[in-house]
Amino acid sequence: MRLRKEQDEMLEDEILLIADVSDALAHPARVRMFKYIMQSNRAMITVCNKDLVEHFDYAQATVSQHMKKLVASGLVQIKKKEKFSYYYVNLGMLMQYLNATKKFAVQ
């Protein structure tokens, strides 16, 4: 009986993960920013808020609000260096999300 309860709790964690990450990716601008950061990281190029503002031609406040949502979901991490904050894709979180959604597709 206890084993079943642990499985149910794990399922609930996956449901919350899918909901949080899906919500973060629910806006086209955030998907574009996430993709840009991932491609930049792959090319070993650092990305800060200024870079996103220049690349997407959005207001700084708009970029900050979108990035706040991506960071809160765990998809993007911030590393501070001196006075700048750099964005990095959290591939571990992305893989957890993909694995959880794959489980739901099979069930």
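This one's a predicted model, so the numbers in the text were calculated from it and none came from an experiment. (Residues numbered from 1 in each chain as written. Predicted model: local features only at pLDDT ≥ 70, side-chain atom pairs only at ≥ 80, totals over all residues. Heavy atoms only, no water.)

A. The arrangement of the side chain of Ser73 in detail. Topologically, Ser73 is positioned in helix H4 (residues 60-73). Among residues more than four places away in sequence, those in contact with Ser73 are Asp20, Val21, Ala24 and Met93. (Helix = DSSP H or I, 4+ residues; strand = E, 2+ residues; numbered from the N terminus. Contact = heavy atoms within 4.5 Å.)

B. Broad picture of the pairing of strand E1 (residues 76-81). Where E1 and strand E2 (residues 84-89) come together, 6 bridges link them in antiparallel fashion. Bridging from a neighbouring strand, Lys79 pairs with Tyr86 of E2. Counting the residues that bridge the hairpin from E1 to E2 gives 2 residues, and of these Glu82 lies at a positive phi of roughly 55°. (Pairing = 2+ DSSP bridges.)

C. Structural detail: the packing of helix H2 (residues 28-42) against H4. Running from N to C, H2 and H4 point in directions that differ by 75°, and their axes come no closer than 10 Å. With respect to H4, the axis of H2 lies roughly perpendicular. In contact with Ala29, Arg30, Met33, Phe34 and Ile37 of H2, H4 contributes Val63, His66, Met67, Lys69 and Leu70. When grouped by side-chain class, the residues that make up the contact of H2 with H4 number 7 nonpolar, 1 polar and 2 charged. (Axes fitted to C-alpha atoms, helices over the stretch in contact; angles between N-to-C directions. Parallel < 35°, antiparallel > 145°, perpendicular 65-115°, else oblique. Nonpolar A, V, L, I, M, F, W, Y, C, P; charged D, E, K, R; others polar.)

D. The arrangement of the packing of aromatic side chains in detail. Inspection of the entire model under this criterion finds 3 aromatic pairs. Ring centres 5.6 Å apart and planes at 80° place the aromatic pair Tyr36 and Phe56 in the edge-to-face group. Taken together, the positions of Tyr36 in helix H2 and Phe56 in helix H3 (residues 49-56) put the pair 20 residues apart, joining distant regions of the chain. Considering the side-chain rings of Phe84 and Tyr86, the 6.3 Å spacing of their centres and the 45° angle between planes classify their relative orientation as tilted. Just above the ring of Tyr88 sits the side chain of Lys79; from NZ or CZ to the centre is 4.9 Å. (Phe/Tyr/Trp six-rings, centres within 6.5 Å; stacked < 30°, edge-to-face > 60°. Lys NZ or Arg CZ within 6 Å of the ring centre and 35° of its normal.)

E. Looking closely at the packing of H3 against H4. As a packed pair, H3 and H4 sit with axes 9 Å apart at the nearest point and diverge in direction by 115°. When you trace H3 past H4, the crossing you get is right-handed. Residue-level inspection shows Asn49, Leu52 and Val53 of H3 in contact with H4, the latter providing Gln60, Val63, Ser64 and Met67. For the contact of H3 with H4, the class distribution of residues is 4 nonpolar, 3 polar and no charged. (Left-handed = near helix turned anticlockwise from the far one by under 90°.)

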